[in-house]
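The primary structure of each chain is shown beneath.
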Amino acid sequence: MITSETVPIITMRSITKRFGGVTALENVDLDIRAGEVLAIVGDNGAGKSTLIKILTGVYQPTSGEITMNGAPLVMNSHADSIAKGIDAVYQTLALADHLTPAANMFLGNELTRTFLGLRWLDNAKMKLEAERVLKERLGVTLRSMDAATESLSGGQRQAVAIARAVYSTDLKVLVMDEPTAALGPQETARTLKLIETIRDQGIAVVVISHSLDDVFQISDRVQVMRRGRRVGVVETAKSSSKQVLGMIVGANEIEESAA
Amino acid sequence: MSSTSATTPAALNFRERTEGYMSLIGPMVMILAILMVMAVLEPGRYFRLSNFDIILKEAALYMPMAMAMTLVIVTRGIDLSIGSVAALTAIVMGYMVKSWGYPWWLAVAAAISLGALCGFINGMVITRLKVPDLIGTLAMDLVYRGFCLIAVKGIVLSRFPEEIVAIGRGEIPGFLPLPVVIGLVTLAAGWFIYSRTHLGRYAQAIGSNPEAAELTGIPVDTYKVYVYALMGAMAGLAGVMLAGKLNAIQATSAPFFNLHVIAAVVVGGTSLFGGRGSMIGSLSGVLLLAMMINALVTLRMEFFWQSVASGVVIIVSVAFYTWIQRKDRDGKSSLLEMLLTPENRRMMKFLLTIIAILALIFGLGGLMGPPVI
Amino acid sequence: MNMKTLLCGIAMAAIASTGCLAQSLPLKELPGSAERDHWLPEEVNADGLVDEIQRVVGSEAVKISTPVEKPVQIALIYPSADVSDFWARAFLAMTKRLDQLSIPYETTEFASRQVEHELQSTYATQVDQDSDLYDFVIFGPSELATQADNIDKLAKNDGFKTFVWAFHTPLKDIETQPDNWFDFSSSFGAAKMCDFMLEKYGNDIPYALIRGIPGITDNQRSGEFADCVKERGNWNMVYEHYGEYTREGGFDGTNRILQAYPEVTLIHNANTAMAMGGMEAISAAGKHGDIISTGWGGTGLELEAIRRKELDVTPMRMGDDVGAATAEVIKYHLEGREAELPFVFLGRILIAHDGMSVEEIDALEQEAFRFSGVGALNR
């Protein structure tokens, strides 16, 4: 499996983010390695979301630096991050429920063909591609590729949202914000399996979650945030949920256990 | 379930297979109802070729606008200004051919382009000035109507070149009337736009989930402007067709285009909440309204029943679609069981109270005897 | 068609026949005719025919000479879904007079609102299609030029006779003219009003117009009145408001005048509804008696208001003339006496004002509404 010695694909160093007078993040570090699942946990307002938004180009840090494979990485928008191979699946999934899974997968990035000198949508090809990506990369087969996305189960919708991210060429880092928050036990299990599937394809997966059960089931490492700071990073296999819970609430602050 | 297994998925159930055609069921059922009623009451007059010609020509005027309005409503938008835009563009066209000596085809092209400009302005008002579509297009309706009145005052522009009259009511021997052909072509184009172009796809995405559309990098505002410009262009085309149909145009023309077209589109199953639309549904909605008015006239019903009938048709359709969309409608086994929920019992008591109060009031009036003048 | 033309030619030799007027208009041309897109009644009516029918309409009914077996089928396409009771009264007067003439009839009404031009087009098309059903079609156009082609279409139909109500200016462009036109002349009313107002109130009056919807009717009622008082009495039109012929429009317009134009002492209203709305606004502002206000048409509501001294003047149509004349004209057609009819029938217009005694107003009203009944119509 992946070990802690693997060179990180993304490093974030001394990231600070202020909104007016409020400091949301202060001197936060983050390492992301290919083929691992990194969970970020913490209370509400711990700075998880801000950190993730900086990673995905939505926010720009007030200070600090980000590198990708050792080279400095500057992102001015989410589009920049997608171009660099960093994409996100939001808690709301950002799916247009009335569209088909294929239309959602290719939304904003449609496949076209030229006919009579004009570019039209190639719905047939998008459908085939979507079916292929869902099956080959995520192991998911939908009952119908023609039904609206709203008719899918929570896990299937999750799969469509992930498929959109993995289809874009060279996905290196996938950020998932509370992927299991609204799901029942069965759908949660399916979603966790999806995460494993893409991790096994060498993609780094960053998961924000409130559910320590899920975190311990799926992650390789856990980074704990508290009040805008990193309070620690633990290897899941060498830790317990009790220990992590303690870090979250600030009972036993441990500095950089095994980074 | 089979979401994560690679086994062959279960077959779709009936509801899932027919989902795409649901928008047609509503108007089709009502069209069928009209046909059956007329088959009983006035078969000889209703079912003759000349009458269907009349119905089609009635409907044709609204087809281009229904096409564009479907897209507008799919984006969760609305355009109330189309009647004024149609009048304004037709007036400008009228001046071009009657006073300024332009050839008819240039004037028609100008009318459609001017309509697109009006729609573009509507789009800018909504996206750049952030005025909500309902109030924005209502206000622009006043503006465009004002321009119409400024331009022509009380004058009626009439007697257009025969080509323009043909656009409004021309017959193609052995085929459909020209305006019907124009209407059907625009709807077919609309179907193509809806299902095969970025414009249609993004209109659905914007209406279905505006935040998601924004997040996936769709230039939401730009596409909204495109849709409103298309709406304006189609209103311009309708203006030309109207002017040709009456062979006259004036500032007060087309007062109720907006309500008629929105009704037709909604009756056709396009959701006012965005994301879900149907061009074929809009075609059947337009046909339904034309058939209904024709039937009422054929039956020589009093004018005001047209208003009642239109309202009932809209309520029935929208209620029908809402009912179809409900996921749990199979939950209650019998109709009686559905009616006897605690909430419905309360509503029933409330209704009975209102009726009782009304009865009391009228009863008191009766006790006081006839009015003294 | 050829037969008809031939017959017309023969008839022409004897007397001007309405059946072929399309070919023979105008009978004479008045000055300025070339600039007009329509003919004036005087240009298309043989001398004396209007007076004669007016006399017949104002006299006791003479029963039809040829008995009618089956009820005469009459279709009415008119914008009667309005506040004005013109259409309802014309309808009532026609049916009552038909009763008096012993002509059995059945009517079918196709109503619309004034602005619904396309709906009228729909009606005209369907009635045209149903020509086997109707003997007479009465068409009250929402707007003359807008409905010209529909008049043409109906007139071309050989299955029935076509009458036009509420217009008296046959457009020269109409290929096949309808059989007869029936109206009160708004131009004539405006001229009568102008005469009366100048005589009663003198020169240099600052006044305001509450106009209807821009169009030919409004131009005649408001525009021609304004031109006349300007030219002959140097009246000063301070403000004009378009009230769209509605009560609300009259109320709003008058309110605006009261607030912003205190110099206005007289308000000219272009129909009953707006005059009523205007009076409401005047009494709401407590300006009752300070402002002279006029109505249009001498409808029941207006005469009530004149008796209460709230309304000052109105050009009063002998309202039932149009309907009663239509009944008479139907009789003439059934008897084959079309040649004795004027192409354009005009109803009588007299001025009613608050200077008249109650008895005088009662007598005028009795005459005007001898069929449809004195008093505000309830509808």
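Everything numeric here is computed off the predicted structure, so don't read it as measured data.

Student: Explain the overall build of chain C to me, and be specific about the residues and the numbers.
Tutor: On a plain count of helices and strands, chain C comes out with 14 helices and 12 strands. Rg of the C-alpha trace for chain C: 21 Å, near the compact-globule value of 21 Å for 379 residues, within the 12% margin. Scored against the burial criterion, the 379 residues of chain C give a buried share of 52%.

Student: Provide a residue-level description of the interface of chain C and chain B, including the pertinent values.
Tutor: Frequently, the measure chosen for interface size is the accessible area removed from exposure when the parts meet. Opposite the 26 residues of chain C that make contact, chain B presents 26 residues. Residue composition of the side of chain C that touches chain B, by class: 10 nonpolar, 11 polar and 5 charged.

Student: I'd love a proper account of the packing of helix H6 (residues 82–98) of chain B against helix H7 (residues 104–127) of chain B, names of residues and values included.
Tutor: Residue and element names in this part refer to chain B. The interhelical angle for the contact between H6 and H7, taken along N-to-C directions, is 150°, at an axis separation of 9 Å. By the criterion of interaxial angle, the relationship of H6 to H7 is roughly antiparallel. When you trace H6 past H7, the crossing you get is right-handed. Listed contacts from H7 to Val85, Leu88, Thr89, Ala90, Val92, Met93, Met96 and Val97 of H6 are Trp104, Ala107, Val108, Ala110, Ala111, Leu114, Gly115 and Cys118. Here the residues of the contact of H6 with H7 are counted per class, giving 14 nonpolar, 2 polar and no charged.

Student: Talk me through helix H1 (residues 48–55) of chain A; I want residue IDs and the actual numbers.
Tutor: Residues and elements named next belong to chain A. For H1, the tally of buried residues reaches 7 of 8 residues, placing the bulk of the element in the interior. Every buried residue belonging to H1 is among Lys48, Ser49, Thr50, Leu51, Ile52, Ile54 and Leu55, and all of these are buried. One or two residues past the end of H1 sits Gly57, with phi positive at roughly 80°.

Student: Residues and numbers for the sheet that holds strand S4 (residues 63–68) of chain A, please.
Tutor: Residues and elements named next belong to chain A. Strand order across the open sheet formed by 4 strands is S2-S1-S4-S5, with antiparallel pairing between neighbours. Either end of the sheet is taken by a strand with one partner, and the two such strands are strand S2 (22–32) and strand S5 (71–72). Relative to S4, strand S1 (residues 10–19) runs antiparallel, the two being bridged by 5 bridges. Paired with Arg13 across the bridge in S4 is Glu65.

Student: Kindly report on the domain arrangement of chain C, identifying the contributing residues and their values.
Tutor: Residue and element names in this part refer to chain C. With domains assigned, chain C is organised as domain 1 (2–184 + 320–348) and domain 2 (187–296). Each of domain 1 and domain 2 was reduced to a C-alpha centroid, and the two centroids are 32 Å apart. At the junction of the two partners, domain 1 supplies 6 residues and domain 2 supplies 8 residues. When grouped by side-chain class, the residues that make up the side of domain 1 that touches domain 2 number 3 nonpolar, 2 polar and 1 charged.

About the cut-offs
Per chain, residue numbering runs from 1 following the sequence as it is written. By the order in which they are written, chains take letters starting at A while ligands take numbers starting at 1. Given that the model is predicted, a residue must reach a pLDDT of at least 70 before its local features are reported, and side-chain atom pairs must reach 80 or more before they are shown or counted; all residues, however, enter totals for whole chains, interfaces and linings. We count a stretch as a helix when DSSP gives it H or I for four or more residues in a row; a strand needs E for two or more, and each element gets its number in order from the N terminus. Two things to know: the radius of gyration comes from C-alpha atoms, and the globule rule equals 2.2 Å times the number of residues to the power 0.38. Around each residue's C-beta, the other C-beta atoms within 10 Å are counted; 20 or more make the residue buried, 12 or fewer make it exposed, and counts in between make it partly exposed. All C-beta atoms are placed from the backbone. A pair of residues counts as a contact when their C-beta atoms, built from backbone coordinates, are within 7 Å of each other. Each residue receives one of three labels: charged for Asp, Glu, Lys and Arg, nonpolar for Ala, Val, Leu, Ile, Met, Phe, Trp, Tyr, Cys and Pro, and polar for the others, Gly being one of them. Every axis in this analysis is a line fitted to C-alpha atoms, fitted for helices over the stretch in contact. Angles between the N-to-C directions lie between 0 and 180 degrees. Roughly parallel refers to an angle under 35 degrees, roughly antiparallel to one over 145, roughly perpendicular to one between 65 and 115, and oblique to any angle outside these ranges. Here a crossing is called left-handed whenever its near helix is offset anticlockwise from the far helix by less than a right angle, and right-handed whenever the offset is clockwise. When DSSP finds two or more bridges between two strands, those strands count as paired. Domain delimitation follows an automatic or database domain assignment.

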